[in-house]
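The residues making up each chain are set out below.
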Amino acid sequence: MTEGAQVLISVDPDSSVPPYEQVRVQLAELVGDGRLPVGSRLPTVRQLAADLRLAANTVARAYRELEAAGLLETRGRNGTFVAPGRDDAVDRLQRAAAGYAAEAARLGVPPATALALVRAALDAIRPG
């Protein structure tokens, strides 16, 4: 999804998964599996929102969350790009997280519950 490329994601308006989360998960998968390589420029928030028929704030939230996760970086007016500096462990974990999120959505588990389950699992393996 470089500048001028076709949008590689879609949003199901009938899904129980919020639209921003659908966008976030699909973009994370595209980054994680290399279909969006490091340095790829993403569409502007407004452009992707228009392409997907979503509110700009919906796409902006997905971009912000991906930036917070280290997958994207915003370079001011130059745009939003796939961030460099990821490593294989983070990529593998991101793919596992995307799979977990997709399975939680498929099962109808609310995001807050899915996150609580992950937190509990992480807490269970932390040394005392």
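One can find the structure itself at the top, above this paragraph.
The rules behind each value
Per-chain numbering applies: the sequence of each chain, read as written, is numbered from 1 onward. pLDDT decides what is reported in this predicted model: residues at 70 or higher carry local features, side-chain atom pairs at 80 or more are listed and counted, and totals for whole chains, interfaces and linings draw on all residues regardless. Hydrogens and waters are ignored; side-chain quantities use all the structure's heavy atoms. What we call a nonpolar core is a set of buried Ala, Val, Leu, Ile, Met, Phe, Trp, Tyr and Cys residues that are connected through their side-chain atoms within 4.5 Å. To sort residues, take the accessible area from a 1.4 Å probe on protein chains only and compare it with the maximum for the residue type: under 20% means buried, over 50% means exposed, and anything in between is partly exposed. Only DSSP runs of H or I reaching four residues or more are called helices, and only runs of E reaching two or more are called strands; each is numbered from the N terminus.

Participant: Explain the nonpolar core to me, please; I cannot follow it from the model alone.
Facilitator: Across soluble globular proteins, nonpolar side chains show a tendency to be buried alongside one another. Grouped together as the largest cluster of nonpolar side chains are 20 residues, with contacts concentrated most on Ile9, Val23, Leu27, Leu48, Leu52 and Tyr63. Elements supplying a minimum of two residues to this core: helix H1 (19-32), helix H2 (45-52) and helix H3 (56-68). Residue contributions to this core peak at five residues, all from H1.

Participant: How do you make sense of unusual backbone geometry when you look at a structure like this?
Facilitator: When glycine is set aside, most residues are seen to have a negative phi, and most peptide bonds are trans. Here Arg53, not a glycine, exhibits a phi torsion of approximately 60°, which is positive. Within the secondary structure, Arg53 sits in the loop between H2 and H3. By relative accessible area, which is 74% here, Arg53 ends up exposed.

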